[in-house]
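Observations on the model geometry
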Amino acid sequence: MALNKYMHLRNPFRTKPNFQKLAENYDFFREAVAQDEKGKFVVDFKQPKQLAALSKAILLSEFNLEVDFPLDRMIPTVPLRMNYILWIEDLLSRMPNVLYYLFILDTKFDQGSINILDIGVGASCIYPLLGARKNDWNFVGTEIDARSFSFAIMNVFKNRLEDKIKLLRATDSGSYLGFLFGADTCGTLKSHSVPPCSISMTPFIPPTYIHIVMANPPFFADASDEMGLNSSRSMVRSTPKTASAAARHESQAPGGEVCFAMRLAKESLVYRDRIGQGVSAFFDFKLS
């Protein structure tokens, strides 16, 4: 939560959230966190329950988003996710088709016409929820994990954003982009259009053009990499300040994040006429 040099200049969380106010407004937050000897509310970021309560309270307070987080899956910190959304805003403002509206036609670009693919939305589905609520962007989100997929669907419908966010259950063996555009037969190209309690599916029609392909890929190649056994990083490096409740598929993938990005970049050559910019959590690249 601390302000650091990587925090985007437009990020509202450059100012630390007021824990006292959150505790006064939300019972679930007050009951989850602790108080120090002076009566101030404090958050132990290494406790998944407290981190989940904080993220839930911030999303509800700042964006009117009601999001549930399973404690056995990755719990996102909102300030970092907001950074990602702001970086995408910056990229979109520099894309040729957006500049055409801004400078040639001298008119405001319709944010509602932006289409974004989020590979691996996770249980919270936080990027599509933030992007749709804040900027009116349209999202297609994929997820391979059944439990995360179920929670993501509930979070979308709970916030009545099913018209802006379409979720697809992907397979870990299929391609990232072929799955979306229908070339990959390993997956089921269906999207939930009604609450999961109704268990109804409708055919999914992919957007003609995807402006941004985004992903927050698994960082590590395997368990030994995640434990630091194969790492060249200093052993005196400070430990993470936040809890990691991530499931194995959320933190590990063959080859780690670099192989993930390389595979996505190669696939993009096949669909160069249908996608624009690619953005990963650690760098951005042109998908064409």
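Residues numbered from 1 in each chain as written. Predicted model: local features only at pLDDT ≥ 70, side-chain atom pairs only at ≥ 80, totals over all residues. Heavy atoms only, no water.

1. Quick word on unusual backbone geometry
- For Cys125, which is not glycine, the phi dihedral falls at a positive 55°.
- Its location among the elements puts Cys125 in the loop between strand E3 (115-119) and helix H6 (126-135).
- Positive phi, close to 65°, is recorded for Asp136, a residue that is not glycine.
- Structurally, the position occupied by Asp136 is in the loop between H6 and strand E4 (138-143).
- The partly exposed category is assigned to Asp136, whose relative accessible area is 37%. (Helix = DSSP H or I, 4+ residues; strand = E, 2+ residues; numbered from the N terminus. Buried < 20%, exposed > 50% of the residue type's maximum accessible area, 1.4 Å probe, protein only.)

2. Regarding helix H4 (residues 78-92)
- For H4, which comprises 15 residues, the first-to-last C-alpha distance of 21 Å matches the rise-based estimate of 21 Å (1.5 Å per residue) to within 8%.
- Counted residue by residue, H4 has 11 buried out of 15 residues, so it is predominantly covered.
- Turning to H4, its buried residues number three or more, namely Val78, Pro79, Arg81, Met82, Asn83, Tyr84, Ile85, Leu86, Ile88, Glu89 and Leu92. (Expected span 1.5 Å × (residues − 1).)

3. Side note on the pattern of salt bridges
- Tallying each qualifying case throughout the model produces 11 salt bridges.
- Asp72 is the salt-bridge partner of Arg73, the closest N and O atoms lying 3.6 Å from each other.
- One connected set of salt bridges, linked through shared partners, spans Arg10, Glu89, Asp90 and Lys134. (Salt bridge = Lys/Arg side-chain N within 4 Å of Asp/Glu carboxyl O.)

4. Quick look at H6
- With respect to burial, H6 is a largely interior element, 8 of its 10 residues being buried.
- Every buried residue of H6 is listed here: Ile126, Tyr127, Pro128, Leu129, Leu130, Gly131, Ala132 and Asn135.
- Looking one or two residues beyond H6, the residue adopting positive phi is Asp136, at roughly 65°.

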